[in-house]
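What follows is each chain in one-letter form.
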Amino acid sequence: MNAERHTFMNIFGLSIRSVLRKRAKTILLMLIIFITSVFIFAGWACKSASVQTQNQSRQAIGASFRLEENEANRHVRMDKLVKQIGEGVGGSAGGYHTEQTESGEWFTWTDNDFETLLMEDILKIAEVVGIEAYNVTTANTVVNPVNFERIEDKDVDTSSDRQQGVSLRGNLCMELDFDVQKGNIEVKEGRMTMPEDTDVCVISREIADLNGLQVGDILEFNNWKERETSTVYKAEVVGIYDSISGITPIMYGDSYRSENIIFTDLSFPEKPEGNEGSPLYQYATFVVENVDEYETVKKRIQAVDIGWERYNFLDNTGMSDTMTENFGELEKMSSLILILVCISGIVIICLVFLFWLKGRVHEIGIYLSLGRTKCGIVMQMLLEGILVGCAAFLIAAAASPAVSKGVVEYLVDYQTKLQAEAEQLNAGIVSNGVIEDDREAEILGVTVEISGSVICLSGISVLGIIMAAITLSCISVMVQKLKEILSRMS
């Protein structure tokens, strides 16, 4: 035991003297390990960084949650109803319908009963302690304007807009509508719709000016598919809104343009559409009373006994700390940095040590002549690399917070630019009738913390790189016979 300890101390002493003696090569190796360590720190820091974002479409809503339909579950429910009706059989079940046309083709469709959020589930969530207010918003419903004209672009061919109508959007409480909260529109005349309202509407300034309308006038609507025969429903104008930044259309055509969106009470859109008693609720928003209890209220909501698989329950707060794994490709990019730095570090350090070993053939030959084993020589080389690595790692640890934050900010900025370019390319492209314009986020800041786990993981990574590089470079020593090494000395 004492002999082994003495041997190790001898190797350790030789390693220190070798590092101090070969200053130029030591500084070169230290610089390479320093750079490698800094980027290793940055890679691990990226994985634990927090990106503080402000969602541009939700920032004004404050501490709230949003409930919407889960698309995956929609398909699951649809598949179950198909099996319930039977293959190759016409029929209806749960709001899903299938019918064979005269040409023999099968036609399927869903109605509001299938697509809507369930009011009973919304009410259960609204009763949770800590919920101050809630709103229910219907899907935009196109109807025919009976006694007034809509806004049209006369220079654009509207033949593809077969509805030739206006869009109704019902709210339980218009004040909590997304476009109101975002500041896209402002009601300058009259008032917004209220929960107790029935058969009321708020129209755009453009429609009001075109038709000479004012608060108190009555508008008439009916089904656009049966303009001449369907029942006409009336709604009183209780407010006129001005567009501040406009409402993003959900589809092409004048029927969906911003100026033709008419806000109504919650139950009105289903009437002229011909679905009275069968609403189509698209979103539900729940406002938290105390922001400090946001997470507590969230847990209470998630404990409510409803069919959660049917919904997406979204954090609707405008300010949130999002881990990198939820921010685009940052997680993948940080992993790529680690892989590239590790590979390049091993290659470069290996090449440096190979260069170092070429100048130490004489020294190695003497060691072997004195009875040192090849394993002992490799151990010395490893200790030299580790000693230099420790010094470089400590310096890198001091510099890593600033460098890591710079790297993360660069990656976030790069990712944001990519998203902006993608949005420009996809501008106006509609998915399932909805343009996802409300998911854009403004980056407010990036928080990078060099925690104990980051330091530990970085240290292990750097140590692994050094050991792998030196072991690979020392293979040339291990495979050569003693005579070959001694012959090179001469």
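About the thresholds
- Residues numbered from 1 in each chain as written.
- Predicted model: local features only at pLDDT ≥ 70, side-chain atom pairs only at ≥ 80, totals over all residues.
- Heavy atoms only, no water.
- Phe/Tyr/Trp six-rings, centres within 6.5 Å; stacked < 30°, edge-to-face > 60°.
- Helix = DSSP H or I, 4+ residues; strand = E, 2+ residues; numbered from the N terminus.
- Buried < 20%, exposed > 50% of the residue type's maximum accessible area, 1.4 Å probe, protein only.
- Polar contact = N/O pair within 3.5 Å; in protein donor to acceptor, adjacent residues only side chain to side chain.
- Contact = heavy atoms within 4.5 Å.
- Salt bridge = Lys/Arg side-chain N within 4 Å of Asp/Glu carboxyl O.
- Arc of directions from axis to C-beta.
- Core = buried A, V, L, I, M, F, W, Y, C linked by side-chain atoms within 4.5 Å.
- Expected span 1.5 Å × (residues − 1).

## Side note on the packing of aromatic side chains
Scanning all chains against the criterion turns up 9 aromatic pairs. Geometrically, the ring pair formed by F148 and F221 is edge-to-face, given 5.5 Å between the ring centres and 75° between the ring planes. One end of the pair, F148, is in the loop between β7 (141–145) and β8 (166–171); the other, F221, is in strand β11 (residues 218–222), with 73 residues separating them in the sequence. Taking the relative accessible area as the measure of exposure, F148 reaches 6% and is therefore buried. Look at F221 and you get buried, because its relative accessible area is 0%. On the numbers, 5.6 Å between centres and 70° between planes, the contact of F178 with Y283 is edge-to-face. Of the two residues, F178 sits in helix α6 (residues 178–181) while Y283 sits in strand β14 (residues 281–288), which places them 105 residues apart along the sequence.

## Considerations on the side chain of S255
On the secondary structure map, S255 appears in the loop between β12 (233–243) and β13 (261–265). Relative accessible area serves as the criterion here: at 0%, S255 is assigned to the buried category. Reaching out from S255, the side chain makes a polar contact with the side chain of R150 at a distance of 3.1 Å. Excluding residues that lie within four positions of it along the chain, S255 makes contacts with V142, R150, D161, Q163, Q164, G165, V166, S167 and N260.

## Overview of the side chain of T264
Tracing the chain through its elements places T264 in strand β13. Look at T264 and you get buried, because its relative accessible area is 0%. When neighbours within four sequence positions are excluded, T264 is seen to be in contact with L168, R169, G170, N171, T193, V200, C201 and P269.

## Some details on the pattern of salt bridges
A complete count under the given rule lists 17 salt bridges for this structure. The shortest N-O distance in the salt bridge between E68 and R66 comes to 3.3 Å. For the residue pair E68 and R66, the accessibility class agrees, reading buried in each case. Notably, a salt bridge pairs E69 with R77, separated by 3.1 Å at the nearest N-O pair. Three or more residues are tied together by salt bridges with common partners; here these are E186, K188, E189, R205 and D242.

## Observations concerning helix α5 (residues 119–126)
Working note: α-helix, 3.6 residues per turn, so residues spaced by three or four point in the same direction. Residues of α5 that are buried: D121, I122, I125 and A126. For α5, the arc enclosing every buried residue in end-on projection is 140°, short of the 170-degree limit, so these residues lie on one face. Among the structural elements, β2 (64–69), β6 (131–138), β14, α8 (294–302) and β15 (311–315) are those in contact with the buried residues of α5.

## Some thoughts on the nonpolar core
With 36 residues, the main nonpolar core has L29, I33, I349, F353, M381 and I470 as its most contacted residues. Every element with two or more residues in this core is listed here: α2 (23–48), α9 (330–358), α11 (374–425) and α12 (452–473). Take this core: its biggest share by element is 11 residues, from α11. Beyond its immediate sequence surroundings of up to four residues, L29 is in contact with I349, V352, F353, W356, G385 and V388. Core analysis: the second largest hydrophobic core is formed by 24 residues, A126, V128, I301 and Y311 among them.

## Examining α12
Helix length check: α12, at 22 residues, gives a terminal C-alpha distance of 32 Å against a target of 32 Å (1.5 Å per residue), a fit within 8%. The set of residues buried in α12 consists of V454, S458, S461, V462, I465, I466, A469, I470 and S473. One side of α12 carries all its buried residues, which in axial view fall inside an arc of 150°. Residues of α12 that are exposed and angled more than 90 degrees away from the buried face: G452 and I460.

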